[in-house]
Amino acid sequence: MTVLSYPVRSSMFVLAAALSFTSFVSGCSDEPESNTADPGAVAAEAPKEVTVPISPVAITVVDAGEDPAEVLGPRRTPGVRQAVTLMTTTMVRQRINDQADQDLSGPALTIPLTATTDDKGVDITLGKVTTPDAQLAIDLHPAEGSQLGLTLAAGGAVTALRISPAGEAADSARSAIEQAFYQAVYTSVTFPETAIGIGAIWTMRQHVSGGVSLDQVTTATLTERDGDLLTVALDVRQVPSTATWNLPNGAGMLKIDDYVMHGTGTVIIDLGMPLPVGGSITVGGEQTYSDPATKSRLRQTTANSVKWGG
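Presented here is an overview of the structure given in this document. Since we're looking at a predicted model, the values are computed, not measured.

Quick look at unusual backbone geometry now. Of note, the amide linkage connecting Asp67 to Pro68 takes the cis form, showing an omega dihedral of 0°. As for its placement among the helices and strands, Pro68 is situated in the loop between strand S2 (57-63) and strand S3 (81-96). Of note in the backbone geometry, Asn97 takes a positive phi value of approximately 50° without being a glycine. For Asn97, the position within the fold is in the loop between S3 and strand S4 (102-103). Backbone geometry places Lys295, a non-glycine residue, at a positive phi of 70°. The residue Lys295 is located in the loop between strand S15 (278-290) and strand S16 (297-309) in this model. Relative accessible area serves as the criterion here: at 63%, Lys295 is assigned to the exposed category.

Looking now at the nonpolar core. Ranked by size, the top nonpolar core spans 64 residues in total, and within it Leu113, Ile124, Leu126, Leu150, Phe181, Phe191 and Trp202 carry the most contacts. When residues in this core are grouped by element, the largest group, eight residues, is from helix H3 (residues 171-185).

Going through the model one piece at a time under the given rule, you end up with two aromatic pairs. Ring geometry for Phe191 against Trp202: centres 5.8 Å apart, planes inclined by 35°, an arrangement best described as tilted. Note that Phe191 is positioned in the loop between H3 and strand S9 (201-208) and Trp202 in strand S9, a separation of eleven residues in sequence. The class for Trp202 is buried, based on a relative accessible area of 0%.

Let us look at the environment of Val122. Relative to the assigned elements, Val122 resides in strand S6 (residues 121-126). Judged by its relative accessible area of 1%, Val122 falls in the buried class. Taking C-alpha positions, Val122 is 5.5 Å from Gly149, a pair spaced 27 residues apart along the chain.

In this section: the pairing of strand S11 (residues 229-240). The sheet contact formed by strand S10 (residues 214-226) and S11 spans twelve bridges and is antiparallel. Bridging across to S11, Gln216 finds its partner in Gln238. Between S10 and S11, which pair antiparallel in sequence order, lie two residues; one of them, Gly227, sits at a positive phi of approximately 65°.

Thresholds applied
Residues numbered from 1 in each chain as written. Predicted model: local features only at pLDDT ≥ 70, side-chain atom pairs only at ≥ 80, totals over all residues. Heavy atoms only, no water. Helix = DSSP H or I, 4+ residues; strand = E, 2+ residues; numbered from the N terminus. Buried < 20%, exposed > 50% of the residue type's maximum accessible area, 1.4 Å probe, protein only. Core = buried A, V, L, I, M, F, W, Y, C linked by side-chain atoms within 4.5 Å. Phe/Tyr/Trp six-rings, centres within 6.5 Å; stacked < 30°, edge-to-face > 60°. Pairing = 2+ DSSP bridges.

Structure follows, in structure tokens:
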């Protein structure tokens, strides 16, 4: 399987910003929050596994590249194990009208992984996840040993992300880990089903669901090959698929005035390994939203990066 990433679930951070924005334009209640939870109630057992479907990828070959050409893709040999580290950062800064800038950035994560190829795709076990955020580091400690899985289709396309968090893991830890994997999965490198060679160029079109519904086009270029070791350059662009964003839970609607997300990077893939062996990519941009009723405006600057290493 070959994954690299971008900020695809950046909509999660947009949601946090939008909720802040909605509070600003609608005002706050002076009524205290009620707590209806039964102190004696027993917490429900955490689900053993949650499966999240991943949108299909449409591949178009722009240039097949030089000869010799070959149909490329992961070598699915069950039982192949790999140790690799996934590192992610997420920056979100926002401004509501003329207020001071707010920093909603997520903490950087370093996630050691042990990946094993199976008949369906890839099984992943998390090692000790580290972060410079002191509180999140404490929350992440029980997440060690959590299980994830990737279901793969032709060409290495990821069709589902399976998540089995450790039962003791805090919600903040689960959310941070899920965000990191969404960043990776939604810019997976899917190979064409036709033969390609050095210099080949193909596009991967995919719908990205989330707070803001997006259409993503990733252009991949095979720049180097040494046997099963490939270097693929990526260019990622996203545009909203709608002109407005209906906020969750009836919180209102924001008009998308401007949305720019673009990034580049390189991923190093060993076709015999479950995950990338190296590479990094950063995607960022500027977004502007407005409330049609109040004319208030929300401006954001975002940047997300993923790095794979040993």
